[in-house]
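# Report on the structure
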Amino acid sequence: MRVVVADDAVILREGLSRLLEEAGFEVVGLAADADQLLEVLERSQPDVVIVDIRMPPSHTDEGLRAAKIIRQKWPEIGILVLSQHVNTRYAIELLSAGTDGVGYLLKERVANLAELSANVNRVGQGGSVLDPEVVDQLIGRPRQARNPLERLSEREREVLALMAEGRSNKAIADRLFISEYTVEKHVKNVFETLELSPSADDHRRVLAVVKYLNGQ
Amino acid sequence: MTRESLRMKAKLALVGCAGVVAAVPAVWLAAHQPPHRPTEPGAVLTFLVGGSLLGSGLGSWRARPDNRLGPVMALTAFAWFAAQLSEASSPALYTIGTAVQYLFIAGFVYVLLSFPSGALHGSLDRVLVASALALALGLQVVAMLWGNKSGLRCSASCPDNLLRVLEDNGRALWLLGLQRAIGGALTVTAAVLQVTRWWRGGAAQRRAQAPVLVAGCLTLAALTVTIVDDLLGGPLGSLPADVFFYAAATVPGAVLLVFLQRRLAWGMVAGLVVQLGGPNEPVDLREALARAVGDPSLELAFWYPAEARYVDDDGRPVELPGPKSSRRSTLVERDGEPIAVLVHDPVLEHNAELVRSVCAAASLALENQRLQAELRARLVELQASRGRLVEVTDAERRRIERNLHDGTQQRLVSIAMSLGLLQAKLPAGAAEAEPLVAETRHELELALRELRELTHGIHPPLLTERGLAAALEELCRRAALPARLDAALEDRFPDQVESAVYFVVSEALANAAKHSHAAQVRVAASSRGGRLVVEVADDGTGGATASGGSGLRGLADRVEALGGRFTLSSPPGAGTTLRADIPCE
């Protein structure tokens, strides 16, 4: 899988590309800011772009804005946005424009090679990735009684969290050491309890879940 | 009573007695005049005009000893009484009376042109007064060198003119006609001059001098009509002259009235002293001084030595009127140090000694007020410096956050990456190294998390990037209690205001979670009328105070430094409501 990395810090850019190559990805381009990234993409389109959210010139949300442009121009490129802060609002802004091939992760997650290659692959294949910490903020936050989430069982909430992270039923089953059939049953229960229309597609349900959680 | 004022009293009494002595024969003559000159004043008018001149002259003299108008009016009274000698049947007295018959008119011209200072200022003034004198006395005497009886517009029964040396009644009449023609022009000029001067003065000046203007213009107008009527052969009879005399009688009274008004103001100085020396009830010093000097537009400026400039009551800088301004300023000093400046109407320049007395009487009060103004100026400065401090603190927080993000955080992430790489490259079977690396990575993750929370607490990037509404939303999402946000904030606000509100809400949420045992918190933020209001209310146990190490004191400082209000309401058992209200324009 071909990957382009955009980060203004040299050590992170280089470190990340070494990790990616170690994990078997082909790093076809490096960029220090959003403009450079778009130039690189004009020449050749990779499968996945990994972009730091905070880059020159304003050091605010350049990565997010670049992601929007990339999504419009080259919808087939997967985008993984990295951030040093947990920022639920940015994650939701990113996913709201479509969850296919989009991910939002804390930067330090890349240090886990297995996780990194799984996430890059998922985004490259049109799936979505949401950092567990963001999901934790959405699901784990304190709520008033009578909230529908309070009616979910512990296991159902675990399934909901993994769903929100963008994992497929199979991945959830592997993670929780249960059968895929059981996962399906839990998912159905969760959707019914939260009064969401069931969606067979692993990818599209992320947005529905995230939007629901954010609204609560 | 000082010797000075005793001497003054004696002088005035003497002049008064002399006036009465002069008045008696004059009135007697006017009452017993032969019916040969119908335009001469009767006994009543003689008494009125003379009495008015003498009385008002003495009164003005006493009220304003340094002003020449009093003596000039008293002198004019004598000229007026002397003029009545023209009614005498003795040729010598008749001659003297006729020679000085119109001298009093010159006195009036002087009074009207020199009012209110009593001194002639422009050369035009001097020319006019000199001409009046030359016409009234000089030309009259010259005409008397030729004329007699009808030649001096007197009937055949008049006594002989002792000054006559040549007999030419025609020439005398021609000279008298010339005297009246020039006199008429001069009268009109004086009237115009008086009106324009009055009009050019400030509002206070116009109001103060109005009585003299009205009386003066009436007198000069009646005099002009009298002269014209006389030149035309007297078709109106004695009417214009009578009007002129009555009008003239009011002029000294008007002058005295204006002076007495000022004298009343002098009385106000005494009132001012009593008022300022009274028990400690607050006195509006500006108003008291304005009343005392009779200028409602009076303003005060206080000396602020720290910055060597003048400030107003509230400690804000003031500009003093320049030389071209329509206002004047009077400096008040105490022990050689400037205290304050009175900014006032130019009319007070004619009454400088009153202003000086008022300033002297009020100097202690002014010094007190100056100290207060200085205090307020320092407060204004302090407020500004507190605001700057908050600004600097915020900028510093942003800089630290940025440095941590770009430096330490990135370096730690890079170390985490190297560890990840190391873990991948460990040869199979390095069983001892594997858990060590995993543990190191875990520790590193914890360090990164702590650092993340630390930098977030120093300055949340979202606040700069997406504004207050978004940052408050994120705060409520992260809160350890169910928090409902009610924010209608479309715009961005000044950085310090956004930061202050953010930290207020952040601290309030943390306190609510830690101490209140609340089930939920409501956060409301709105902006109206240039103020940003935020309220955090929980349903907990209440009883919170802003003292102690709660962090609320620091927040209150921060809010107040921005000119805002910070209130905490936390009755036991009824929840805690924290409110900040900050101006944001």
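Presented here is an overview of the structure given in this document. (Residues numbered from 1 in each chain as written. Chains lettered and ligands numbered in written order. Predicted model: local features only at pLDDT ≥ 70, side-chain atom pairs only at ≥ 80, totals over all residues. Heavy atoms only, no water.)

### Brief notes about the overall build of chain B
Rule in force here: The helix and strand labels rest on DSSP assignments: H or I over at least four residues marks a helix, E over at least two residues marks a strand, and numbering proceeds from the N terminus. Whether a residue is buried, partly exposed or exposed follows from its accessible area with a 1.4 Å probe, protein chains only, as a fraction of its type maximum: under 20%, in between, or over 50%, in that order. Any pair of residues with heavy atoms lying within 4.5 Å of one another is described as a contacting pair. Using a 1.4 Å probe, the Shrake-Rupley method yields the accessible areas, and only the shown protein chains count as cover for residues.
Counting its secondary structure elements, chain B contains 15 helices and 9 strands. Looking at chain B as a whole, 46% of its 585 residues are labelled buried. Partitioning the contacts of chain B with sequence separation of at least 6, the portion at a separation of at least 24 is 66%. Put simply, chain B shows about 28,100 Å² of open surface, and 61% of that area lies on carbon and sulfur atoms.

### Some points on the state of the cysteines
All names here are of chain B. This is how the line gets drawn: Throughout, disulfides are identified as pairs of cysteine sulfur atoms within 2.5 Å of each other.
One pass over the full model with this rule turns up 1 disulfide over all chains. Here cysteine 154 pairs with cysteine 158 through a disulfide, and the sulfurs are 1.6 Å apart. Looking along the S-S bond of the cysteine 154-cysteine 158 disulfide, the torsion reads about -65 degrees, which is the left-handed sense. On the accessibility criterion, cysteine 154 (5% relative accessible area) is buried.

### Some points on the interface of chain A and chain B
Definition in use: Note: buried area is the sum, over both parts, of the accessible area (probe 1.4 Å) each one loses when the two are combined. Definition used for salt bridges: Asp or Glu carboxyl oxygen within 4 Å of a side-chain nitrogen of Lys or Arg. Counted as a polar contact is a pair of N or O atoms within 3.5 Å, where, for protein atoms, one must be capable of donating a hydrogen and the other of accepting one, and residues adjacent in sequence contribute only when both atoms are in side chains.
Counting residues at the interface gives 38 residues for chain A and 35 residues for chain B. Across the interface of chain A and chain B, roughly 3,400 Å² is buried in total on both sides, 51% from carbon and sulfur atoms. Considering only the side of chain A, the residues that lose the most area to chain B are Arg54, Gln84 and Glu108 of chain A, jointly responsible for 19% of the buried surface there. The tally of links from chain A across to chain B stands at 8 salt bridges. Note that glutamate 108 of chain A is salt-bridged to arginine 452 of chain B, the shortest N-O span being 2.7 Å. On the surface where chain A and chain B come into contact, there are 14 residue pairs in polar contact (both at pLDDT 80 or more).

### Details of the nonpolar core
Soluble, globular proteins show a tendency: their nonpolar side chains are buried together. Which entries qualify depends on this criterion: As used in this record, nonpolar core signifies buried Ala, Val, Leu, Ile, Met, Phe, Trp, Tyr and Cys residues forming a set joined through side-chain atoms within 4.5 Å.
Grouped together as the largest cluster of nonpolar side chains are 67 residues, with contacts concentrated most on Phe104, Leu113, Phe244, Phe245 and Val255 of chain B. Tallying contributions element by element places helix H9 (residues 239-277) of chain B first for this core, with 10 residues. If you look at the next biggest cluster of nonpolar residues, it comprises 59 residues, including Leu64, Tyr104, Val134 and Met163 of chain A.

### What about the sheet that holds strand E5 (residues 483-488) of chain B?
Residues and elements named next belong to chain B. To keep things clear, this is the line we draw: At least two bridges found by DSSP between two strands are what make those strands a pair. Lines are fitted to the C-alpha atoms to define the axes, a helix being fitted only along its stretch in contact, and any angle between axes, read from their N-to-C directions, falls within 0 to 180 degrees.
One open sheet holds the 5 strands; their spatial order is E5-E6-E7-E9-E8, and the pairing between them is mixed. Edge positions in the open sheet fall to E5 and strand E8 (565-569), since each of these has one partner strand only. Averaged over all adjacent pairs, the angle separating strand axes in this sheet is 10 degrees, with direction ignored. Here 6 bridges tie E5 to strand E6 (residues 521-528), and the two strands are oriented parallel to one another. By the bridge assignment for E6, alanine 487 is matched with alanine 525. Its contacts with the sheet place helix H14 (residues 495-516) against E5, E6, strand E7 (531-538), E8 and strand E9 (577-583), and it is angled at close to 5 degrees to E7.

### Here's the deal with the packing of helix H1 (residues 3-31) of chain B against helix H3 (residues 69-83) of chain B
Residue and element names in this part refer to chain B. Convention followed: The cut-offs work like this: below 35 degrees is roughly parallel, past 145 is roughly antiparallel, 65 to 115 is roughly perpendicular, and the gaps in between are oblique. Take the far helix as the reference: if the near one is turned anticlockwise from it by less than a right angle, the crossing is left-handed, and if turned clockwise, right-handed.
Across the interface, H1 lies against H3 with an axial gap of 9 Å and an inter-helix angle of 20 degrees. The orientation of H1 relative to H3 falls into the category roughly parallel. Judged by the sense of rotation from one axis to the other, the crossing of H1 with H3 is left-handed. Within the contact between the two elements, H1 uses Val15, Ala18, Gly19, Ala22, Ala23 and Ala26 and H3 uses Ala74, Phe78 and Phe81.

### Focus on helix H13 (residues 461-478) of chain B
Residues and elements named next belong to chain B. Selection criterion: Any helix carries an expected span of 1.5 Å times its number of residues minus one. A residue's bend is the angle separating two fitted axes: one through the seven residues that end there, the other through the seven that start there.
Spanning 18 residues, H13 covers only 15 Å between terminal C-alpha atoms, well under the ideal 26 Å at 1.5 Å per step. Considering bend angle alone, the principal kink of H13 is centred on glycine 467 and spans about 135 degrees. For H13, the buried fraction is high: 13 of the 18 residues fall into the buried class.

### A look at the pattern of salt bridges
Enumeration over the complete set of coordinates arrives at 46 salt bridges over all chains. Linking aspartate 160 of chain B and lysine 149 of chain B is a salt bridge whose minimum nitrogen-to-oxygen distance equals 3.9 Å. In this pair, aspartate 160 of chain B sits in the loop between helix H6 (123-144) and helix H7 (169-200) while lysine 149 of chain B sits in the loop between H6 and H7, placing the two residues 11 residues apart along the sequence. Given a relative accessible area of 24%, lysine 149 of chain B falls into the partly exposed group. Taking the shortest distance from any N to any O, the salt bridge between aspartate 581 of chain B and arginine 565 of chain B comes out at 3.2 Å. Placement of the pair is aspartate 581 of chain B in strand E9 and arginine 565 of chain B in strand E8, with a sequence separation of 16 residues. Residue classification places aspartate 581 of chain B among the buried positions, given a relative accessible area of 7%. Because the salt bridges share partners, they merge into one network encompassing Asp61, Arg65, Arg89 and Glu93 of chain A together with Arg466, Glu473, Glu474 and Arg477 of chain B.

### Section: helix H4 (residues 88-96) of chain A
When we look at burial in H4 of chain A, the residues that qualify are Thr88, Tyr90, Ala91, Ile92, Leu94 and Leu95 of chain A. In the segment just after H4 of chain A, glycine 98 of chain A is the residue with positive phi, at about 130 degrees.

### Let's talk about a nonpolar patch on the surface
Selection rule: Like-charged residues are merged into a patch within 9 Å and nonpolar side chains (Val, Leu, Ile, Met, Phe, Trp, Tyr) within 5 Å, provided each residue has over 30% relative accessible area and no salt bridge.
A contiguous nonpolar surface patch, about 290 Å² in accessible area, is contributed by Val44, Leu48 and Tyr246 of chain B. Note that tyrosine 246 of chain B resides in helix H9.

### Looking at the sheet that holds strand E5 (residues 102-106) of chain A
All names here are of chain A. Taken together, the 6 strands give an open sheet; going across it, the order is E2-E1-E3-E4-E5-E6, and neighbouring strands pair in parallel fashion. Pairing within the sheet leaves two strands with one partner each, and these edge strands are strand E2 (26-31) and strand E6 (128-130). For this sheet, the mean inter-axis angle between neighbouring strands, taken without regard to orientation, is 20 degrees.

### A short note on the side chain of threonine 455 of chain B
Relative to the helices and strands, threonine 455 of chain B is located in helix H12 (residues 433-458). Only 2.9 Å separates the side chain of threonine 455 of chain B from the backbone oxygen of arginine 452 of chain B, close enough to count as a polar contact. Setting aside residues up to four positions removed in sequence, threonine 455 of chain B forms contacts with His85 of chain A together with Glu401, Leu404 and Gln409 of chain B.

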